[in-house]
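Letter by letter, the chains look like this.
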Amino acid sequence: MNDKGINNLSIQTRVEELNDFTLLHSKFGNVAFRAIQKNNLYSGFTVGMERITKLLKEEKFDIEIFQQNPVEGVREFLHGYFEDRGGNMPDIWADGNTVFLETKFCKDCLTIEAEKLAEQCHEDVCAIYCRTFAKGIVSVLEDLFPEIVINFYNVSSRRDGKDSDCREAFQVLSPKRIENP
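What you see is a predicted model; the values in this text were computed from it and never measured.

Asks: I'd like a rundown of the overall build of the chain, residues and numbers included.
Replies: The number of helices and strands found in the chain is seven helices and four strands. Scanning the chain from its N terminus toward the C terminus, one meets helices and strands in the order α-α-α-α-β-β-α-α-α-β-β. Taking the intrachain contacts of the chain between residues at least 6 apart in sequence as the baseline, contacts between residues at least 24 apart amount to 66%. Within the structure as shown, the chain displays about 9,900 Å² of accessible surface, and the carbon and sulfur contribution to it stands at 51%.

What follows is the structure, given as structure tokens:
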């Protein structure tokens, strides 16, 4: 499985990645964040592709069931990713046509710990690191199911160096969507 981004639970790997971001930022300024964001989006996309092909090979992904309820399909896809990855497990739930991913008081967040050890890290690194990685994972589903659109946005974030909480939303738009009972 891909060992980049939030998929890798090694603190040393995370520190190296953050130091690489710092190097790019020191040489290119804020324009580097666009490149860093794309890198993490593509890393997430690679992990999403690996996940869906693995599920298909194991006959654990039913295309018709996903198409009947893509909101629940996105929720299950994200939940399964974090469950398989291990480590810090966010809360993941659906409300209406939106899937939420939330980490609350996440004292064991590897990114926060890595930031303490990294040379110098931009305080908004989560926006270009963790968030775009998660967006990349679900964007695979948009490509494979062109009838759905997944709007991704940050609902709330807190980074204070000690605790953190963050809520991301994946709004799933589909003409076939079945309302939750």
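More follows now that the structure is in view.
Asks: How would you sum up the environment of P90? Please name residues and give values.
Replies: Turning to its location among the elements, P90 is positioned in the loop between α4 (70-85) and β1 (91-95). Residue P90 is classed as buried on the basis of its relative accessible area of 6%. Beyond its immediate stretch of four places on either side in the chain, P90 contacts F82, L101, E102 and T103.

Asks: Any details on the side chain of E168? Residues and values, ideally.
Replies: As for its position among the elements, E168 is in strand β4 (residues 164-173). Using a relative accessible area of 5% as the deciding quantity, one classes E168 as buried. Within the local environment of E168, its side chain forms a polar contact with the side chain of N154, the two groups lying 3.0 Å apart. If sequence neighbours within four positions are ignored, E168 has contacts with V99, F100, L101, R131, F152, Y153, N154 and V155.

Asks: So, the packing of aromatic side chains: which residues are in play, and what are the values?
Replies: Following the criterion strictly, the structure yields seven aromatic pairs and no others. Residues F61 and F66 carry aromatic rings whose centres are separated by 5.7 Å and whose planes lie at 35° to one another, so their mutual orientation is tilted. The class of F61 is buried, set by a relative accessible area of 15%. With a relative accessible area of 4%, F66 lands in the buried category.

Asks: Requested: an account of a nonpolar patch on the surface, with residues and values cited.
Replies: On the surface, L24, F28 and V31 cluster together into a nonpolar patch covering about 280 Å² of accessible area. With respect to the helices, strands and loops of the structure, F28 is situated in helix α1 (residues 11-28).

Rules behind the numbers
- Residues numbered from 1 in each chain as written.
- Predicted model: local features only at pLDDT ≥ 70, side-chain atom pairs only at ≥ 80, totals over all residues.
- Heavy atoms only, no water.
- Helix = DSSP H or I, 4+ residues; strand = E, 2+ residues; numbered from the N terminus.
- Contact = heavy atoms within 4.5 Å.
- Areas by Shrake-Rupley, 256 points an atom, 1.4 Å probe, with all protein chains shown as cover.
- Buried < 20%, exposed > 50% of the residue type's maximum accessible area, 1.4 Å probe, protein only.
- Polar contact = N/O pair within 3.5 Å; in protein donor to acceptor, adjacent residues only side chain to side chain.
- Phe/Tyr/Trp six-rings, centres within 6.5 Å; stacked < 30°, edge-to-face > 60°.
- Patch = residues over 30% accessible without salt bridge, like charges linked within 9 Å, V, L, I, M, F, W, Y side chains within 5 Å.
- Salt bridge = Lys/Arg side-chain N within 4 Å of Asp/Glu carboxyl O.

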